[in-house]
Amino acid sequence: LPTRRHSSPVISNVGRALTQLTEDSIISLDPDKLERSPYRDRFEIDEETEKELDALKMSIASEGQKIPVLVRPHPTKADHYQLAYGYRRWAAIKAIMAEAERPETIKIKAHVRDLTDRQLIEEQSIENGVRENLTWIEQAMWAVQLKSAGLSHRAMCPILGLSEAGVSHLFRVTDLIPEDIILAIGRAKGVGRPKWTAFADLLRDSSRIELVRKFVQAAEFRKADSSERISLAVRVVNGTPGKRSDPRQEKILDFTVGERVFGRMKRTPTGTTVTIPKQENAFAGWLAERMPDLQREYNRHDGSAH
């Protein structure tokens, strides 16, 4: 019997979207007549995203806009539109307009389609699936937006590419960490589920929430990048800003085969360090080469774990 092939719901959605786009006509619009989607899938621009935006601006300025954005007619403003997706392209073109001698000549290529709120958020989710570059906490906050649009946890699974348990874990974090604290920390590129979960568990004590709210106003916090900010917030909650960990709270694990010690892992409330002895430099080099594969294996396991 022939083997039945199952296609990914995300891939199927992308295929339908591309088919629909080929049937839409592309028109040129005044960028000033566009507004962001009312559903925000990205945090405000930080230093890192600003650099990415500058690179995109230079690319569009030199090579033109290659991929149209998708918009719908604005539900309350005549002759205006709302973005379904393409925010970064629109922001880059707006930046080009600001520097142009004749800004009125700058246009943005767009597909225009009548979309309900539900359809708009679904189209926006497809674009997220194509980009696959939302950070973990941006994905979690996007799940909050999906829920506000009436999607169930099960309906979010194909959109987010997660199991129901994975979706529930997103809400476990967003239910415990107030939105203002999440936004103050930022998109935290490279910070995944384990660290956000640990931070959320620390905030089960509501008195700690006010402690963090005060700390996010501090200069030390504001000048740090978003990946460092969550570590600083964890230290404040633990009552250890700038202090060494209590040795009694340290956990040490040796990696051994027989009597041969390959390395040592030391875990403290503020992080984990791995030390590999000099005589095992070959093992250290092998581990460094394998690290990307190990990270991908962990991500696959992490996304499906209960």
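Preceding this section is the structure that the text describes.
All values reported here derive from a predicted model rather than from experimental measurement.

### Comments concerning the overall build of the protein
Consideration 1: Each helix and strand in the protein was counted, giving 13 helices and eight strands.
Consideration 2: The buried share of the protein, reckoned over its 306 residues, is 39%.
Consideration 3: Surface summary for the protein: the accessible area is close to 18500 Å², and the carbon and sulfur share equals 52%.

### Structural notes on the side chain of glutamine 82
Consideration 1: Residue placement: glutamine 82 occurs in strand β4 (residues 81-85).
Consideration 2: Within the structure, the side chain of glutamine 82 is placed 2.7 Å from the side chain of arginine 72, a separation counted as a polar contact.
Consideration 3: Apart from the residues within four sequence positions on either side, glutamine 82 is in contact with Glu35, Arg36, Pro38, Leu70, Val71, Arg72, His74 and Pro75.

### Brief notes about the packing of helix α9 (residues 193-202) against helix α12 (residues 226-237)
Consideration 1: One can describe the packing of α9 onto α12 by two numbers: an axis separation of 10 Å at closest approach and a directional angle of 30°. With respect to α12, the element α9 is oriented roughly parallel. For the pair α9 and α12, the crossing hand works out as left-handed. Two secondary-structure elements touch here, α9 through Lys195, Trp196, Phe199 and Leu202 and α12 through Ile230, Ser231, Ala233, Val234 and Val237.
Consideration 2: Grouping the amino acids of the contact of α9 with α12 by side-chain chemistry returns seven nonpolar, one polar and one charged.

### Some remarks on the packing of aromatic side chains
Consideration 1: In the structure shown here, the tally under the stated rule is four aromatic pairs.
Consideration 2: A centroid spacing of 6.2 Å and a plane angle of 20° characterise the contact between phenylalanine 283 and tryptophan 286, whose relative ring orientation is stacked. Taken together, the positions of phenylalanine 283 and tryptophan 286, both in helix α13 (residues 281-304) and three residues apart, correspond to about one turn of that helix.
Consideration 3: What makes phenylalanine 283 partly exposed here is its relative accessible area of 24%.
Consideration 4: For arginine 36, the ring lying beneath its charged end belongs to tyrosine 87, and the centroid distance is 3.9 Å.

### A word on the environment of valine 173
Consideration 1: Its location among the elements puts valine 173 in helix α7 (residues 164-176).
Consideration 2: A residue is classified by how much of its surface remains accessible, and valine 173, at 0% relative accessible area, is buried.
Consideration 3: For the pair formed by valine 173 and isoleucine 137, sequence separation is 36 residues and the distance between their alpha carbons is 8.8 Å.

### Brief notes about the environment of phenylalanine 262
Consideration 1: Within the fold, phenylalanine 262 resides in strand β7 (residues 260-268).
Consideration 2: When the C-alpha positions of phenylalanine 262 and asparagine 281 are compared, they lie 9.4 Å apart, and in sequence the two are 19 residues distant.

### Focus: the sheet that holds strand β5 (residues 108-112)
Consideration 1: With mixed pairing, five strands are arranged side by side in an open sheet as β1-β5-β3-β4-β2. If you trace the sheet from one side to the other, it starts and ends with β1 (26-29) and β2 (34-35), each paired once.
Consideration 2: The pairing of β1 with β5 spans four bridges and is classified as antiparallel. Opposite isoleucine 26, over in β5, you have histidine 111 as the bridge partner.
Consideration 3: The strands touched by helix α3 (residues 87-99) within the sheet are β2, β3 (69-73), β4 and β5, with β4 carrying the most contacts at an inclination of about 125°.

### Things to note about the nonpolar core
Consideration 1: Residues Leu160, Ile177, Trp196 and Phe199 are the most contacted members of the largest nonpolar core, which totals 49 residues.
Consideration 2: Of all hydrophobic cores here, the second largest spans 18 residues; its members include Leu29, Trp90, Ile93 and Ile96.

### Quick look at α12
Consideration 1: Between its first and last C-alpha, α12 extends 17 Å over 12 residues, near the 16 Å set by a 1.5 Å rise per residue.
Consideration 2: Residues Ser226, Arg229, Ile230, Ser231, Leu232, Ala233, Val234, Val236 and Val237 constitute the buried set of α12.
Consideration 3: A distance of 3.0 Å separates the backbone nitrogen of serine 227 from a side-chain oxygen at the start of α12, and that oxygen is part of aspartate 225.

Calculation notes
- Each chain has its residues counted from 1, following the order in which its sequence is written.
- Reporting of local features is limited, given that this is a predicted model, to residues whose pLDDT is at least 70; pairs of side-chain atoms are given and counted only at 80 or more, and all residues count toward the totals for whole chains, interfaces and linings.
- Side-chain numbers here rest on the full set of heavy atoms in the structure, without hydrogens or water.
- The numbering of helices and of strands both runs from the N terminus, where a helix is a DSSP run of H or I of at least 4 residues and a strand a run of E of at least 2.
- Per-residue accessibility, obtained with a 1.4 Å probe over protein chains only, is compared with the maximum for each type, and a residue is labelled buried under 20%, exposed over 50%, and partly exposed between these values.
- To be clear on the numbers: accessible area is Shrake-Rupley with a 1.4 Å probe, and residue cover counts the displayed protein chains and nothing else.
- Any pair of nitrogen or oxygen atoms within 3.5 Å is treated as a polar contact; in protein, a donor-acceptor pairing is required on top of that, and neighbouring residues in sequence qualify only through side-chain atoms on both sides.
- Two residues form a contact once any of their heavy atoms are found within 4.5 Å.
- Axis geometry follows a simple rule: fit a line to the C-alpha atoms, using only the stretch in contact for helices, then measure angles between N-to-C directions, giving values from 0 to 180 degrees.
- Angle categories: roughly parallel below 35 degrees, roughly antiparallel above 145, roughly perpendicular from 65 to 115, and oblique for all the rest.
- By definition, turning the near helix anticlockwise from the far helix through less than a right angle yields a left-handed crossing, and turning it clockwise yields a right-handed one.
- In this classification, Asp, Glu, Lys and Arg are treated as charged, Ala, Val, Leu, Ile, Met, Phe, Trp, Tyr, Cys and Pro as nonpolar, and every other residue, Gly included, as polar.
- Think of it this way: a Phe, Tyr or Trp ring, Trp meaning its six-membered ring, pairs with another when their centres are within 6.5 Å, and the plane angle makes it stacked under 30 degrees, edge-to-face over 60, tilted otherwise.
- Think of it as a cone above the ring: NZ of Lys or CZ of Arg counts as a charge over the ring if it is within 6 Å of the ring centre and within 35 degrees of the ring normal.
- The pairing criterion is simple: DSSP has to find at least two bridges between the two strands.
- Side-chain atoms within 4.5 Å are what join buried Ala, Val, Leu, Ile, Met, Phe, Trp, Tyr and Cys residues into a set we call a nonpolar core.
- To estimate the expected span of a helix, count its residues, drop one, and scale the result by 1.5 Å.

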